[in-house]
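So you can see what is in the structure, the chains are spelled out below.
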Amino acid sequence: MPTHHTPESIVIADTPASILEWAARHIEHVGIHQGPRLFDGPGRTATLPCWPRGALEVAAGHGRGTAGRTYDWDRIDRARDQAFAILAKVLTGHPVDPATAKARHREAIDRWSAEPGRTAADAARAFRTAAARVEHSLF
C-alpha cells in the first residue's frame, strides 16, 4: 500500500528519513505562510502553522493520531527529534551543541523559515537533502 503524505492519513512516519520526505510533500501541498498569515493555507491543523517546523510535526503525527489505532510514540518522537537535528544541520551547515540541541534545532529551522522570500520549494528541497543525508549515514 502506498504511503499517503497528507494530514488526513492515519499512517504516521516513524523514521527520520520518512518524516523528512513526508514533510517535503506536506509543505509542497500547503506552502509556507509567514507573519500574520502563519495559520493560513490548506492542509494546516488547528495548532500547526504552514511552515517547515509545522510540516515536520504533522509528518510525525501531531494532531493526526486515530482513536483505536496503536502508535509507537516513543519511536516516532525520537525519529522526529533526529529529523529536526539533521534538518538544522543542513540549514546551518554545522551540528548544534547537544546540551541545548532540541531548542536550538527549532530556533535554527524557525530563523531559516522566516527569511523573506522563502518558498515551499526551498523547504521541500531542504527536507529532501536532509532525508538523503540520513539515508546515506545508515550505510
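Only a predicted model underlies this, so the values are computations on that prediction, with no experimental measurement involved.

Caption draft 1: Summary view of the environment of alanine 120. With respect to the helices and strands, alanine 120 occurs in helix 5 (residues 120-137). A C-alpha to C-alpha distance of 9.4 Å links alanine 120 and histidine 26, two positions 94 residues apart in sequence. The contacts of alanine 120, once residues within four sequence positions are left out, are Ile27, Gly31 and Ile32.

Caption draft 2: Looking closely at the packing of helix 2 (residues 52-59) against helix 4 (residues 101-114). Running from amino to carboxyl end, helix 2 crosses helix 4 at an angle of 125 degrees, the nearest separation of the two axes being 8 Å. Judged by the angle between their axes, helix 2 and helix 4 are oblique. Contacts from Pro52, Arg53, Leu56 and Glu57 of helix 2 reach helix 4 at Arg106, Ile109, Asp110, Trp112 and Ser113. Looking at the contact of helix 2 with helix 4 residue by residue, the classes come out as four nonpolar, one polar and four charged.

Caption draft 3: Structural context of the packing of helix 3 (residues 73-92) against helix 4. Where helix 3 meets helix 4, the closest approach of the two axes is 9 Å, and the angle between their N-to-C directions is 50 degrees. Here helix 3 is positioned oblique relative to helix 4, judged by the angle of their axes. Both helix 3 and helix 4 take part in a crossing whose hand is left-handed. Residue-level contacts link Arg80, Asp81, Phe84, Ala85, Leu87, Ala88, Leu91 and Thr92 of helix 3 to Lys102, His105, Arg106, Ala108, Ile109 and Trp112 of helix 4.

Caption draft 4: Highlighting the packing of aromatic side chains. On inspection of all chains with the given rule, the structure shows one aromatic pair. Seen from their ring centres, tyrosine 71 and tryptophan 73 are 5.1 Å apart, and the 45 degrees between their planes marks the pair as tilted. When the ring centre of phenylalanine 84 is taken as reference, the NZ or CZ atom of arginine 106 above it lies at 4.1 Å. Sitting over the ring of tryptophan 112, arginine 118 keeps its end group 3.8 Å from the ring centre.

Caption draft 5: Helix 4, seen in detail. In a regular helix each residue adds 1.5 Å, so 14 residues correspond to 20 Å; helix 4 covers 20 Å between its end C-alpha atoms and thus fits that length. Residues Ala101, His105, Arg106, Ala108, Ile109, Asp110, Trp112 and Ser113 constitute the buried set of helix 4.

Caption draft 6: Local environment of the confidence of the model for the protein. Confidence in the prediction of the protein, expressed as mean pLDDT, is 79, and 76% of residues score 70 or more. Mean pLDDT in the protein bottoms out at helix 4, which sits at 84, and peaks at helix 3, which reaches 92.

Caption draft 7: Just helix 2, in detail. Among the eight residues of helix 2, seven are classified as buried, and the element is accordingly described as predominantly covered. Of all the positions in helix 2, only Pro52, Gly54, Ala55, Leu56, Glu57, Val58 and Ala59 are classed as buried. Looking one or two residues past helix 2, glycine 61 carries a phi angle of roughly 95 degrees, positive in sign.

About the cut-offs
Residues numbered from 1 in each chain as written. Predicted model: local features only at pLDDT ≥ 70, side-chain atom pairs only at ≥ 80, totals over all residues. Heavy atoms only, no water. Helix = DSSP H or I, 4+ residues; strand = E, 2+ residues; numbered from the N terminus. Contact = heavy atoms within 4.5 Å. Axes fitted to C-alpha atoms, helices over the stretch in contact; angles between N-to-C directions. Parallel < 35°, antiparallel > 145°, perpendicular 65-115°, else oblique. Nonpolar A, V, L, I, M, F, W, Y, C, P; charged D, E, K, R; others polar. Left-handed = near helix turned anticlockwise from the far one by under 90°. Phe/Tyr/Trp six-rings, centres within 6.5 Å; stacked < 30°, edge-to-face > 60°. Lys NZ or Arg CZ within 6 Å of the ring centre and 35° of its normal. Expected span 1.5 Å × (residues − 1). Buried < 20%, exposed > 50% of the residue type's maximum accessible area, 1.4 Å probe, protein only. pLDDT = per-residue confidence, 0-100.

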